[in-house]
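# Chain and residue survey
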Amino acid sequence: MSGMFGLDLERLADDLLPATVEIDSPLPPVPLRGWLERQQFRSFSGVLSAAVPATTVTAFGQLDLAAPGGPAFVALLGATFPQPGIQLGLGFALSGVGGVVGINKAVNRDALIAAIADGTAGELLFPPDPVAAAKRVVPRLPALFPTAPGRTVVGPMFEISWGGRMVSLAAAVVAEVPDPVRLSVLGILRVAVPDPEVPLIQLKATFAGQYDSAEPSAFLMASLSGSHMAGVPLDGDVLVLSRGGPDPTFVLSAGGFHPAFAVPRGVPALHRLSMNLAPVPWIQLGCQAYFAITTNTLQFGAQLSLVAEIAGCGLRGHFGLDVLIHSEPSLSFSARMRGSLSVEVFGESLVGVAFDLTLEGPAPWHAVGRGSIDLFLFSASFDFDERWGNPPPALPAPPADLRRRLEEAFARPEAWNALPPAGGDRIPVLLSPAANRQIGEGRRVHPHGGVVARQRVLPFGVDIERLGPSLVEPAEQWDVASAALGGEEADAGATTDSFAPGQFRRLTDDEQLTASAYDRYRSGVRFVAETSEPDDDAFVTASLDWETKVVPDPNPTRVLDVLRFLRLEALMRAEKVAATVSVRDPSWWPAEMKLLVSHEPPVVAASTWSMTAASLPASPSATNGELRRLYAGLAGVRPVEAWEV
């Protein structure tokens, strides 16, 4: 069904909803265009564009009334201003404003990266023709903003320009709340020199990024699709990824990776940086390149291809280079070069030459290659495997003493951290302000707290074959044998940190390409003081006596009134008991009394220097007797003599 004014209200009243409603109202003063589509009975999506005087307002949206956790919707609202926009000064102008709002929605990072790769992400931000763009953008909204009960997506959109549209930036910054908080950015950067109408240089970078506080991780990806420089098309992707947590890694890539590199988790397939250098239509001359830095490698490469043909006759050729640089056990590289060039006539090769060479070095050099020469009448091939040069110089001696390196690491103040007590307000020790201040400064540890000791020199429990650039021969393995706190054995748990395997293991070229950037290893210990109940022999048996003393009431009238009331109550109770039939009646016997004995909390010894009264001033030189009197009425604290503990 189409046409805004052709709706059948009787069918709507019977819940017979149309599948599609198209809106095209060119009537002034506010022309409307758009459409509304129903995917399911309670799921809707669409677009609406209104040409308000001096601006154009657009809204993309998707609503799901049957989503788990309640209705979920997402809307992208934008308003654009005619050129030259709202002038901000210094050559800047505001061309559009808007925002993103989503309830029970989240942002999908993989779908966001896919939208950057195929170019649809740019059409979310102030498209020139919103209704036409909605046909491609709206179906992607459920994937870009999946349903997530309890999550909210909100953020601004804006478009600014500089230099009379020479440089323009359209971007949206979206926050996903509550915890864990995620920040996402989506944008398009355009550079057109000297003017967008007749650009000599036009760069269009569609980018997206996200920061995830839960993992934590941060990435930024940009695509140059649709760019050209002096008539030469440009293309390619750039990615920066930094991730912590149990699978840490760092990747910086422009155009992809070495063919043998194992791409880490979360890294999409990247297009090579490419240029088409063909000056005329019958010549195809293209160049592709890449550059990448990871935690284990430095990689770069390029490939040049040529096709020049007329009526099935011409030249075909290519040249490729892939380089891998590593620093273990010394600085060296591995480079593979390959190429070919042939003259073809109607699909047959008349003359051709090809080679494939791998060069490793520099000390010693190692060259391996093969090649061939094809002529019309004969062909020849050649292979070689040559080595020359001296072996690499001996590495510096291994560290004099790994034990000393560990001792120095544990001697640093930042290696030790105090843990707060886990009991909260139920800790049976009251500390003075001076003691709390020293605990906050890290100079003291709470009696119910703990201590973490960790280092990041080398991992525990694994063989150490090298330490940075220096070899360790034979391999050594270090670990924590015992842990003591305050001179006595303490319960100790392990702490873990991220270590780069290439810093303590000898990795081959293949392992450098496929090994994880970081792995989790034990790095220290966690001391926890013994806070369980004391042994039976730690308790002191004492006899308790009491003295009964009757103090006469100064007001005898009140005493007589109480006696009269008790006598009257006794008479009434005797009368009630006499009226019962059996001695088993509950009235014959007093109510059962129950005693509830609370468990006494563990006793923790605290020195008198750290104790002070909660409400009364105490002298720093107060004796144990004075402290006993001051703390006599304080809940949870019982001062005793040192010999009693």
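The rules behind the values
- Residues numbered from 1 in each chain as written.
- Predicted model: local features only at pLDDT ≥ 70, side-chain atom pairs only at ≥ 80, totals over all residues.
- Heavy atoms only, no water.
- Helix = DSSP H or I, 4+ residues; strand = E, 2+ residues; numbered from the N terminus.
- Buried < 20%, exposed > 50% of the residue type's maximum accessible area, 1.4 Å probe, protein only.
- Contact = heavy atoms within 4.5 Å.
- Areas by Shrake-Rupley, 256 points an atom, 1.4 Å probe, with all protein chains shown as cover.
- Pairing = 2+ DSSP bridges.
- Phe/Tyr/Trp six-rings, centres within 6.5 Å; stacked < 30°, edge-to-face > 60°.
- Lys NZ or Arg CZ within 6 Å of the ring centre and 35° of its normal.
- Arc of directions from axis to C-beta.
- 1 Å grid on protein atoms, 1.4 Å probe; cavity = no way out; pocket = protein on both sides within 12 Å on 5 of 7 lines; lining within 4 Å.
- Points joined across faces, edges and corners; volume = space filled by probe spheres on them.
- Nonpolar A, V, L, I, M, F, W, Y, C, P; charged D, E, K, R; others polar.
- Salt bridge = Lys/Arg side-chain N within 4 Å of Asp/Glu carboxyl O.
- Core = buried A, V, L, I, M, F, W, Y, C linked by side-chain atoms within 4.5 Å.
- Polar contact = N/O pair within 3.5 Å; in protein donor to acceptor, adjacent residues only side chain to side chain.
- pLDDT = per-residue confidence, 0-100.
- Patch = residues over 30% accessible without salt bridge, like charges linked within 9 Å, V, L, I, M, F, W, Y side chains within 5 Å.

Looking only at helices and strands, the protein features 9 helices and 32 strands. Counting over 645 residues, the protein shows a buried share of 31%. If you take every contact in the protein between residues at least 6 apart in sequence, the share linking residues at least 24 apart comes to 50%. When the accessible area of the protein is evaluated, it comes to approximately 38900 Å², of which 61% is carbon and sulfur surface.

Glancing now at the pairing of strand E17 (residues 273–276). As paired elements, strand E14 (residues 232–235) and E17 share 2 bridges and run antiparallel to each other. Each bridged residue has a counterpart across the sheet, and for Asp 235 the counterpart in E17 is Ser 274. Here E17 runs beside strand E18 (residues 283–294); their pairing, made up of 4 bridges, is antiparallel. Bridging from a neighbouring strand, Asn 276 pairs with Gly 286 of E18.

Applying the stated criterion across every chain yields a total of 6 aromatic pairs. With a centroid separation of 5.3 Å and an interplanar angle of 90 degrees, the aromatic rings of Phe 504 and Tyr 521 are classed as edge-to-face. In this pair, Phe 504 is assigned in the loop between strand E31 (491–499) and helix H7 (509–514) and Tyr 521 in strand E32 (residues 519–528), connecting sequence segments 17 residues apart. With respect to burial, Phe 504 and Tyr 521 carry one shared label: buried. Through pairs of rings, three or more aromatic residues link up here, namely Phe 333, Trp 365 and Trp 388. Here the basic side chain of Lys 135 rests over the ring of Trp 35, its NZ or CZ set 4.4 Å away from the ring centre.

Let us look at helix H5 (residues 402–411). Those residues of H5 lying buried are Leu 402, Leu 406 and Ala 409. Burial along H5 is one-sided: seen end-on, the buried residues are contained in an arc of 60 degrees. Buried residues in H5 make contact with strand E27 (463–467) and strand E28 (470–477).

Under the counting rule described, the total for this entry stands at 2 cavities of 30 Å³ or more. Reported here for the largest cavity is a volume of approximately 130 Å³. For the largest cavity, the full set of lining residues is Leu 76, Val 100, Val 107, Leu 112, Leu 124, Leu 144, Phe 145, Ala 172, Val 174, Ser 184, Val 185 and Leu 186. Those elements that place two or more of their residues in the lining of the largest cavity are strand E9 (167–177) and strand E10 (182–193). It is E10 that provides the largest number of residues to the lining of the largest cavity, a total of 3 residues. Grouping the constituent residues of the lining of the largest cavity by class yields 11 nonpolar, 1 polar and no charged.

Take the pattern of salt bridges next. Applying the stated criterion to the full structure yields 16 salt bridges. For Arg 403, the salt bridge goes to Glu 407, with nearest N and O atoms at 3.1 Å. Note that Arg 403 and Glu 407 are positioned in helix H5 at a spacing of 4 residues, about one turn of the helix.

Attention shifts here to unusual backbone geometry. In this structure, Pro 84 follows Gln 83 across a cis peptide bond, with omega equal to 10 degrees. The topology assignment puts Pro 84 in the loop between strand E5 (72–80) and strand E6 (86–89). In this model, Asp 179 is joined to Pro 180 through a cis peptide bond whose omega is 0 degrees. If you trace the backbone, Pro 180 turns up in the loop between E9 and E10. Within the chain, Phe 126 stands out as a residue other than glycine whose phi angle is a positive 50 degrees. Here Phe 126 shows up in the loop between helix H2 (109–118) and helix H3 (130–137).

Before going further, it helps to examine the nonpolar core. Counting 41 residues, the largest nonpolar core has Leu 76, Leu 125, Phe 145 and Leu 186 as the members making the most contacts within it. Of the residues forming this core, the biggest block, 5 residues, is contributed by H2. Once you skip the residues sitting within four places of it in the chain, Leu 76 turns out to touch Thr 58, Ala 59, Phe 60, Gly 99, Val 100, Leu 124, Leu 141 and Phe 145.

Our focus in this paragraph is the side chain of Thr 297. Along the chain, the position of Thr 297 falls in the loop between E18 and strand E19 (298–310). For Thr 297, a relative accessible area of 5% translates into the label buried. Engagement of the side chain of Thr 297 in a polar contact is seen with the side chain of Thr 294, the distance being 2.8 Å. Within the structure, Thr 297 has its side chain in polar contact with the side chain of Gln 299 (distance 2.8 Å).

Let's shift gears to the pairing of strand E21 (residues 332–345). Two elements, strand E20 (residues 313–326) and E21, share 14 bridges in a ladder whose sense is antiparallel. By the bridge assignment, Leu 321 is partnered in E21 with Met 337. Bridge count for E21 against strand E22 (residues 348–361) is 13 bridges, and the pairing is antiparallel. Residue pairing across strands places Ser 342 opposite Gly 352, the latter belonging to E22. A loop of 2 residues connects E21 with E22, the two strands running antiparallel in sequence, and Phe 346 in this loop sits at a positive phi of about 50 degrees.

Turning our eyes to something else, we now look at the confidence of the model for the protein. Of all residues in the protein, 74% attain a pLDDT of 70 or more, and the chain-wide mean is 77. Scored below 50 in pLDDT, residues 613–621 shows 8 contacts in the model against residues more than four places distant or in partner chains.

What follows concerns the side chain of Gln 455. Checked against the element boundaries, Gln 455 lands in the loop between strand E26 (450–454) and E27. What makes Gln 455 buried here is its relative accessible area of 2%. Separated by 2.8 Å, the side chain of Gln 455 and the backbone oxygen of Leu 458 make a polar contact. Those residues in contact with Gln 455, other than ones at most four positions away along the chain, are Leu 406, Ala 409, Phe 410, Phe 460, Phe 499 and Ser 523.

Take the environment of Ala 121 next. Inspection of the secondary structure puts Ala 121 in the loop between H2 and H3. Along the backbone, Ala 121 and Thr 206 are 85 residues apart, and their C-alpha atoms lie at a distance of 7.6 Å. Contact partners of Ala 121, with chain neighbours within four places excluded, come to Ala 115, Ile 116, Leu 186 and Thr 206.

Residues Leu 315, Leu 341, Val 343, Val 351, Val 353, Ile 373, Leu 375, Phe 376, Leu 377, Phe 378, Phe 382 and Phe 384 make up a contiguous nonpolar surface patch of roughly 1100 Å² in combined accessible area. Following the sequence through the fold, Phe 384 ends up in strand E24 (residues 379–388). The partly exposed category is assigned to Phe 384, whose relative accessible area is 30%.

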